[in-house]
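# Overview (structure and organization)
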Amino acid sequence: MTCYRSQDSWHSYVKQCLSDAERNEMASHLGHCPECRDIVSDIKKTIKIISNPDIPMPQFDIKVNIMDSIDKNRYKQNLVSVNTFRLFELRNWGFSMIAAGVFLIAFNLTSFSSIIKTDQVTELGSSLSKQISIPLDKVSQAAFSFLNHLIPTSRTN
Amino acid sequence: MHYHAQTILKEDEKIIQAVLIGNGEGYGDIVDRYQTKLYRVSYYYTQNIEDARDLVQDIFIKAYNNLSSFKQGSAFSTWLYRIAVNHCLDWCRKKRPQYAEVSCLDIFSTEEEGPEDLYLRQEVASEIQAAVVNLPAIYSTVLILYYFEDFSPQEIAEITNTSKRTVETRLFRGRKMLRDKLHSKSSGGEGHDLLSKPGQLAQLR
């Protein structure tokens, strides 16, 4: 072996799975390198001799045994657990949204306080809270009943 | 060819997705598509029908149980062959009997033709397969996939998780080792380099 390219990608070359540029460049090399030409020739001959050999095939059905051996419900269970997780995530999102709403209302109330006289704050606060607390309760109750209706199984879990 | 490969890829992906959302029966389609190919690979390693059948079953069951770890978008066949090759190599390490050394390769030197051609061809194929599988595992695997099953070096690299350059080197060395092995075992000795003198063998095919 003297050619530095004797161990190049000749197996890929023979299977014609190189880029056009690579293939052309290697073909050009073959034109003036008898050693690499011999290698390519030997690979082709070997393929011709031993490719796709005849082998005895089994007389029985492999598929039946495989299908009997696998747990066909294996991924159904996964599907249920994934959906449960998603619904649980959805319920958490519901709680988060309600908490965010409460926080925003509280934040708005504090911003009022800077422009209202101190003695008016208590009165205004109590009147606003009366107005706000009723719809908030209703919203919370509605959200709870909706979520419980939506995911009765996740509560049992 | 490329279009055909893409179609197979998409069909495989469709079946896998169906299995992963609970259609376990759909796995039968995967078995239909790959059982012959995997049986062939298994047979090269085991050299007998019963062990090859058992290996194929184990490979398909293992693949099914690990199907959730298959990355969607990659080639399912490559993933499956990787499991198959690793499983076969494990089997070889644990159970493969020590085959008798290749002993009757002198049939390569005969130039006779006759009704026994089929028998001789099977014998030749069997001897070469035995010689290949008795090489060190890193060489036998690339030779099996390249010469017996028509994979490209790039595909073999993906299956065996190595670089294409490494596969090329192993093919080069593996082929040389196989040639030396067959050469040393052929009865004629000098002048019976079987893999570089296919004319004699070709007459048997």
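Relevant structure appears above.
Definitions and cut-offs
Per chain, residues are indexed from 1 in the order of the written sequence. For naming, the first written chain is A and the first written ligand is 1, with later ones following in the order written. pLDDT decides what is reported in this predicted model: residues at 70 or higher carry local features, side-chain atom pairs at 80 or more are listed and counted, and totals for whole chains, interfaces and linings draw on all residues regardless. Hydrogen atoms and water are omitted, and side-chain values are computed over all heavy atoms in the structure. Axis lines are fitted through C-alpha atoms, for helices just across the contact stretch, and the angle between N-to-C directions can take any value from 0 to 180 degrees. Helix and strand assignments come from DSSP, with helices taken as H or I runs of at least 4 residues and strands as E runs of at least 2, each series counted from the N terminus. For classification, angles of less than 35 degrees are called roughly parallel, those exceeding 145 degrees roughly antiparallel, those between 65 and 115 degrees roughly perpendicular, and all remaining angles oblique. Should the near helix be turned anticlockwise from the far one by less than a right angle, the crossing is termed left-handed; should it be turned clockwise, right-handed. By the convention used here, residues are in contact when the closest approach between their heavy atoms is within 4.5 Å. Amino acid classes used here: Ala, Val, Leu, Ile, Met, Phe, Trp, Tyr, Cys and Pro are nonpolar; Asp, Glu, Lys and Arg are charged; the rest, including Gly, are polar. We count a salt bridge whenever a side-chain nitrogen from Lys or Arg sits within 4 Å of a carboxyl oxygen from Asp or Glu. Classification of residues uses two cut-offs on accessible area relative to the type maximum, computed with a 1.4 Å probe and protein chains only: under 20% is buried, over 50% is exposed, and between them is partly exposed. Grouping buried Ala, Val, Leu, Ile, Met, Phe, Trp, Tyr and Cys residues that are joined through side-chain atoms within 4.5 Å yields what is termed a nonpolar core. Pairing of aromatic side chains here covers Phe, Tyr and the six-membered ring of Trp, requires ring centres within 6.5 Å, and sorts the geometry by plane angle: under 30 degrees stacked, over 60 edge-to-face, intermediate tilted. Only lysine NZ and arginine CZ atoms are considered, and such an atom sits over a ring when it is within 6 Å of the ring centre and within 35 degrees of the ring normal.

## Considerations on the packing of helix 2 (residues 27–46) of chain B against helix 3 (residues 49–65) of chain B
Residues and elements named next belong to chain B. Here helix 2 crosses helix 3 at 135 degrees, and the two axes come no closer than 8 Å. When the axes of helix 2 and helix 3 are compared, the pair comes out oblique. Our pair here, helix 2 against helix 3, has a crossing hand that is right-handed. Listed contacts from helix 3 to Tyr-27, Ile-30, Val-31, Tyr-34, Gln-35, Leu-38, Tyr-39, Ser-42, Tyr-43 and Thr-46 of helix 2 are Ile-49, Asp-51, Ala-52, Arg-53, Leu-55, Val-56, Ile-59, Phe-60, Ala-63 and Tyr-64. Looking at the contact of helix 2 with helix 3 residue by residue, the classes come out as 15 nonpolar, three polar and two charged.

## Focus on the pattern of salt bridges
Per the counting criterion, the structure on display carries 13 salt bridges over all chains. A salt bridge links Asp8(A) to Arg5(A); its shortest N-O distance comes to 2.9 Å. Like Asp8(A), the residue Arg5(A) is buried in the burial classification. Here Arg93(B) ties to Asp90(B) by a salt bridge, and the two come within 2.7 Å at their closest N and O atoms.

## A few points about the nonpolar core
As a rule of thumb, nonpolar side chains are buried together in soluble globular proteins. If you look at the biggest cluster of nonpolar residues, it comprises 77 residues, and the most contacted ones within it are Trp10(A), Tyr27(B), Leu38(B), Tyr45(B), Phe60(B), Phe76(B) and Tyr147(B). Sorting elements by how many residues they give to this core places helix 4 (residues 76–94) of chain B first, with 11 residues.

## Thoughts on the packing of aromatic side chains
Tallying each qualifying case throughout the model produces 12 aromatic pairs over all chains. Ring geometry for Tyr146(B) and Tyr147(B): centres 4.8 Å apart, planes at 80 degrees, overall edge-to-face. The class for Tyr146(B) is buried, based on a relative accessible area of 1%. Taken together through their ring pairs, the aromatic side chains of Tyr75(A), Tyr27(B), Phe60(B) and Tyr64(B) make up a single cluster. The ring of Tyr146(B) has Lys15(A) sitting right over it, with the charged end atom 3.7 Å from the ring centre.

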